[in-house]
Amino acid sequence: RKHITLSDITPSIVNLNSGPSGTGDEVLLFNPSTASWVTYLRRTSTTWRDQYNAAVDPVVAPGEGILIRKRAASGSISHSGNVRANNFYLNTKSGYQFLTFGFPLDNSFSSLGAFGGGWKFGASGTGDEALLLKNDGSGYEIYLYRTSSSWRDQFNVTVNTNSILSGSSATLFKKANAEKI
């Protein structure tokens, strides 16, 4: 898909609340250059504000995930469009990337081909890692590309074929090397 902006996504968010900091809903976009989150506040029914209170409409690149912080009423997000029928590659760099997948389907590390070329295995801190956000907002789970043929959970259990990468969520990958995934 082409790049979109927060204004393009806004109509898809049900029960979006505007208001001052602490009451208005927020969207967090991950900045891989600084490995940090940039927060945008829904200040009025028509504007997003950055941390300096300037009206902004930031770009959301293809494959880039967003976090929505609901402050009041619960809601949902639905976005429609065409499902890709071709290969989907994302260029990555060494460090953190917050990504969604090209298809709205649950995946496993095996179904993504997350082995070999472009992936580095090793001990914690040296191999690639995946931090999977829990859809209930309670945190994340960490997985490590431990050997050339296995992704492991925090209990060192191999999870290669488990469909743990949610098509309705996003994953924070910590890449040891810059490659396409």
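As shown above, the structure is provided for reference.
## Comments concerning the nonpolar core
If you look at the biggest cluster of nonpolar residues, it comprises 12 residues: Leu-99, Phe-109, Ala-114, Trp-119, Ala-130, Leu-132, Tyr-143, Tyr-145, Trp-151, Val-159, Leu-165 and Phe-173. Elements with a minimum of two residues in this core: strand 11 (129-133) and strand 12 (140-147). When near neighbours in sequence (up to four residues on either side) are disregarded, Val-159 contacts Phe-109, Tyr-143, Trp-151, Arg-152, Asp-153 and Ile-164. Residues Ile-9, Ile-13, Val-27 and Val-60 belong to the second largest nonpolar core, which totals nine residues.

## Concerning the pairing of strand 4 (residues 36-42)
Inspection of the sheet shows strand 3 (residues 26-31) paired to strand 4 by six bridges, in the antiparallel sense. Pairing of Glu-26 across the sheet is with Leu-41, part of strand 4. The loop that links strand 3 with its antiparallel partner strand 4 comprises four residues; one of these, Ala-35, has a positive phi angle of about 50°. Examined bridge by bridge, strand 4 and strand 5 (residues 48-49) share two bridges and lie antiparallel to one another. Among the inter-strand pairings, Arg-42 is bridged to a residue of strand 5, identified as Trp-48.

## Remarks on the environment of Lys-174
Residue placement: Lys-174 occurs in strand 14 (residues 171-175). For Lys-174, a relative accessible area of 27% translates into the label partly exposed. As for Lys-174 and Lys-93, which are separated by 81 residues in sequence, their C-alpha atoms are 9.1 Å apart.

Cut-off values and rules
Residues numbered from 1 in each chain as written. Predicted model: local features only at pLDDT ≥ 70, side-chain atom pairs only at ≥ 80, totals over all residues. Heavy atoms only, no water. Core = buried A, V, L, I, M, F, W, Y, C linked by side-chain atoms within 4.5 Å. Buried < 20%, exposed > 50% of the residue type's maximum accessible area, 1.4 Å probe, protein only. Helix = DSSP H or I, 4+ residues; strand = E, 2+ residues; numbered from the N terminus. Contact = heavy atoms within 4.5 Å. Pairing = 2+ DSSP bridges.

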